[in-house]
Amino acid sequence: MARSGSGSAIPGTISDSARRAHGDRVVLKIGTSSLVTDGHLDPAKVDRLCEAVLRGRRAGLSPVLVTSGAIAIGRRRHDALAGAGAAEQQVSAALGQGILYSALHERFSRHGLETGQILLTPRDLISPGHEGAGGVGRTLDAMESLGFIPIVNENDALGVRNNDVLAAVLSGYLRARLLLLLTNVPGIYDANPMLDGNATRITEVRRLTPGLEALAGGSVGDGGTGGMVAKLSACWIATYSGVPAVIADTEDPGVLVAAHRGDPVGTRFQPRPVNGATVDIERLWRAFRTPPRGTVVCEEAGLRAIDRDESLLRSQVREVSGSFDAGSVVDIAGVTGGAAARGAIRLGSGKSGPACAPSSTLFTNRDYVRIVEDQPCR
């Protein structure tokens, strides 16, 4: 029998008066290797996840779960899907998504937790004019009022992106109290722990920098479509949205409660201070949705333009390095210093070089986000 509300609400409908107040909303993303073994959902791994969510609910939290694993499960359904091409991954996602959710629903039910599935793309959250932009929040609120755990996944059948980044955008959209990225390693290390026995886990990151990103490039990922550097892309988005982020493993089912409480689990990324209003989610997504694929080196005039939140012209740029397409994420740096900003460039590397017209706009002020280490973002 379907559940019904209480009070004066008409049975089978949801009214504002029937909605309970939310607990602290947390977004919990779990990677492929923490759910899937040899192309199949691993019951033991899922049970650990269920226990973590159950403990979170008991502690008064309102978890929104973002899961990976559909591609890994779906590609086993046909030998032709073993490749890593876009078409193979999208078909694998289409074939695996139903299997993934059905299995998760069944395991969560055993723990007394009812779930509902939501397929999203970042555009559903970041574009004010998008028809789904307002409905996502309403749907999540309604599901919570009825006692259901939302299980969110990137709609990879339409184009494979990254669930870590989707989870970060969702955490900013919801103004969550925490983004928890669960994977198969206990956090970020100062060296690759699989190669260096002296590698030490970094317990806290007060300010995320390109230097730490470079360090994580030699670390280990989770075997899915992301990896540790992609998780740092998610941490850029979350922390610049004012949401703390934690990267941790799944061994302890108390990890969600502990991370929310601020206990020293995994690697914790503190949110950035901001001047005025937080940078909007669409701008953050454009600037941080992937690791940078190149660098634009500015003259002093270019750095002044960035500092004043103005457009950056080709005449203000000394050189461009890297190979990238229009719309790719690149760093914006000074001649002698590190990166001052990061954003989506309007021209590809082949058209933004020395032959580019000096008056050409490489970035508008909505295309980048300042990342100068000693200044708060704005």
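Residues numbered from 1 in each chain as written. Predicted model: local features only at pLDDT ≥ 70, side-chain atom pairs only at ≥ 80, totals over all residues. Heavy atoms only, no water.

*Asks:* If you had to explain helix H1 (residues 43-58) to someone new, which residues and values would you point to?
*Replies:* Compared with an ideal rise of 1.5 Å per residue, which puts 16 residues at 22 Å, H1 spans 22 Å between its outermost C-alpha atoms and is within 8% of the ideal. Of all the residues in H1, the buried ones are Lys-45, Val-46, Leu-49, Cys-50, Ala-52, Val-53, Leu-54 and Gly-56. Phi for Gly-60, located one or two positions after H1, is positive at around 90°. (Helix = DSSP H or I, 4+ residues; strand = E, 2+ residues; numbered from the N terminus. Expected span 1.5 Å × (residues − 1). Buried < 20%, exposed > 50% of the residue type's maximum accessible area, 1.4 Å probe, protein only.)

*Asks:* With reference to specific residues and values, describe unusual backbone geometry.
*Replies:* Phi at Asp-38 is positive, roughly 55°, even though this residue is not glycine. By the element assignment, Asp-38 lies in the loop between strand S2 (36-37) and strand S3 (40-41).

*Asks:* Can you explain the side chain of Glu-213? Please cite residues and give values.
*Replies:* Position of Glu-213 relative to the elements: it lies in helix H7 (residues 210-216). Polar side-chain contacts of Glu-213 include one of 3.0 Å to the side chain of Trp-236. For Glu-213, the residues in contact, after removing those within four places along its chain, are Val-229, Leu-232, Trp-236, Pro-292 and Arg-342. (Polar contact = N/O pair within 3.5 Å; in protein donor to acceptor, adjacent residues only side chain to side chain. Contact = heavy atoms within 4.5 Å.)

*Asks:* Just give me the short version of the sheet that holds strand S9 (residues 245-249), but keep the residues and values in it.
*Replies:* The mixed open sheet is built from eight strands, whose spatial order is S5-S6-S4-S1-S7-S9-S10-S8. Of all strands in the sheet, those bounded by a partner on one side alone are strand S5 (114-120) and strand S8 (204-205). Here two bridges tie S8 to strand S10 (residues 267-269), and the two strands are oriented parallel to one another. Residue pairing across strands places Glu-204 opposite Arg-268, the latter belonging to S10. (Pairing = 2+ DSSP bridges.)

*Asks:* Any details on the nonpolar core? Residues and values, ideally.
*Replies:* Membership of the largest hydrophobic core comes to 47 residues, with the highest contact counts inside it found for Val-27, Leu-170, Leu-179, Ile-188, Phe-269 and Phe-288. Among the elements that take part in this core, helix H8 (residues 228-240) stands out by supplying eight residues, more than any other. Other than its neighbours up to four places away in sequence, Leu-170 contacts Val-27, Val-64, Val-66, Leu-125, Leu-140 and Val-152. Listed in part, the 31 residues of the second largest apolar core include Val-26, Tyr-101, Leu-178 and Leu-182. (Core = buried A, V, L, I, M, F, W, Y, C linked by side-chain atoms within 4.5 Å.)

*Asks:* Report on the pattern of salt bridges, specifying residues and quantitative values.
*Replies:* Across all of its chains, the model carries 21 salt bridges by this definition. Across the pair Arg-25 and Asp-141 runs a salt bridge, and its minimum N-O distance is 3.2 Å. Taken as a pair, Arg-25 in strand S1 (residues 24-30) and Asp-141 in helix H5 (residues 135-145) lie far apart in primary sequence, 116 residues in all. Judged by relative accessible area, Arg-25 falls into the buried class, the value being 10%. Given the relative accessible area of 23%, Asp-141 is considered partly exposed. For Glu-144, the salt bridge goes to Arg-25, with nearest N and O atoms at 2.8 Å. Here Glu-144, found in helix H5, pairs with Arg-25, found in strand S1; they are 119 residues apart in sequence, far enough to count as distant. One connected set of salt bridges, linked through shared partners, spans Arg-123, Asp-280, Glu-282 and Arg-366. (Salt bridge = Lys/Arg side-chain N within 4 Å of Asp/Glu carboxyl O.)

*Asks:* Go over H8, please, and point to the residues and values.
*Replies:* Between its terminal C-alpha atoms H8 stretches 18 Å, which fits the 18 Å expected from 13 residues at 1.5 Å a residue. Most of H8 is tucked away: 12 of the 13 residues are buried. Just downstream of H8 lies Gly-242, where phi reads positive at about 90°.

*Asks:* Which residues make up the packing of aromatic side chains, and what values go with them?
*Replies:* Where two aromatic rings form a pair, the distance of their centres and the angle of their planes describe that pair. Applying the stated criterion across every chain yields a total of four aromatic pairs. Ring plane angle 45° and centroid distance 5.9 Å describe the contact between Trp-236 and Tyr-240, whose orientation is recorded as tilted. You can see Trp-236 and its partner Tyr-240 sitting in helix H8, four residues apart, about one turn around the helix. Note on accessibility: Trp-236 and Tyr-240 belong to one class, buried. Relative to Phe-288, the ring of Tyr-240 lies with its centre 5.4 Å away and its plane at 55°, an arrangement referred to as tilted. Taken as a pair, Tyr-240 in helix H8 and Phe-288 in helix H10 (residues 281-288) lie far apart in primary sequence, 48 residues in all. With respect to burial, Tyr-240 and Phe-288 carry one shared label: buried. Each residue in the set Trp-236, Tyr-240 and Phe-288 is aromatic and connected to the rest through ring pairs, giving one cluster. (Phe/Tyr/Trp six-rings, centres within 6.5 Å; stacked < 30°, edge-to-face > 60°.)

Distances and angles like these do not, on their own, reveal function.
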